[in-house]
Amino acid sequence: MKIMIWILLGLFVGACSTLWIMKQRAHWLASLEFQLNPPPVPASVLTAIRQAESRSYAQRSFLRRLMEEAQDVLVFASPQTAYKMNFSVGRYRIKASSIEAILPWAIAQRFVVLQDTSPTAFAHALAYFAEQPALNDWQAATYLEWLKQDHPLLADDSWSDIAVKPALVAKLYSGYMGAGGTWDDWREDLTPGPVAVERLRLK
């Protein structure tokens, strides 16, 4: 009987703790005020990259997929922890650090307008936002726009021209995946990497 009482007490304390954490998170999210103005990245480009990412993760081992799902769950349980651990989450699997690195640029371009919200607070919420479809699309579009403007041979091209040239979409996708860590080489030409070509099914 005493064991049952302790079990019930433990469940009660656990439930109260969970409710308190959820209340605190709700207040934190409600305190964030911002306006998103996504860059004009065509839906077809976003769809192509989102599908490529989805196929890539679907082909990974069961353990890796399980880890990714656990990361997604952790975002809802503790966005700050997911941010600190720099997990890749959401439909496009973008790490918070990738968007945080270009956040000053995005603010200057007015792709995001922070209203009584500090850049630090917004950055901490990025992992959580990556699970929300509309905000997930904004993050991907903003990162792709930054990649486009950062590439000397693509900066002056219109998105409508890029969208109808799969090789150029693949080139941006190469950068989206990190350019293999060789950014200077990535900026030199318009040849997409083999992984981007394969994932976008261009061969």
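Everything here concerns the structure above.
I will try to describe carefully the structure that is included in this document. (Residues numbered from 1 in each chain as written. Predicted model: local features only at pLDDT ≥ 70, side-chain atom pairs only at ≥ 80, totals over all residues. Heavy atoms only, no water.)

**Comments concerning the overall build of the protein**
Here is step 1: A tally of helices and strands in the protein yields 13 helices and four strands.
Here is step 2: Considering the protein as a whole, with its 203 residues, one finds that 39% of them fall into the buried category.
Here is step 3: Considering only residue pairs separated by 6 or more positions, the protein has 67% of its internal contacts joining residues 24 or more positions apart.
Here is step 4: Looking at the protein as shown, the accessible area adds up to about 11300 Å², and 62% of this sits on carbon and sulfur atoms. (Helix = DSSP H or I, 4+ residues; strand = E, 2+ residues; numbered from the N terminus. Buried < 20%, exposed > 50% of the residue type's maximum accessible area, 1.4 Å probe, protein only. Contact = heavy atoms within 4.5 Å. Areas by Shrake-Rupley, 256 points an atom, 1.4 Å probe, with all protein chains shown as cover.)

**Examining unusual backbone geometry**
Here is step 1: One non-glycine residue, aspartate 116, adopts positive backbone phi at about 60 degrees.
Here is step 2: Among the structural elements, aspartate 116 can be located in the loop between strand E4 (112–114) and helix H7 (119–124).
Here is step 3: What makes aspartate 116 exposed here is its relative accessible area of 78%.
Here is step 4: Its identity is not glycine, yet arginine 201 carries a phi of approximately 60 degrees, on the positive side.
Here is step 5: Tracing the backbone through its elements, the reader meets arginine 201 in the segment after helix H13 (194–199).

**Thoughts on the side chain of glutamate 53**
Here is step 1: Within the secondary structure, glutamate 53 sits in helix H2 (residues 43–58).
Here is step 2: Take glutamate 53: its relative accessible area is 5%, and that puts it in the buried class.
Here is step 3: Glutamate 53 has contacts with Arg91, Tyr92, Arg93, Tyr173, Tyr176 and Arg199, leaving out every residue within four places of it along the chain.

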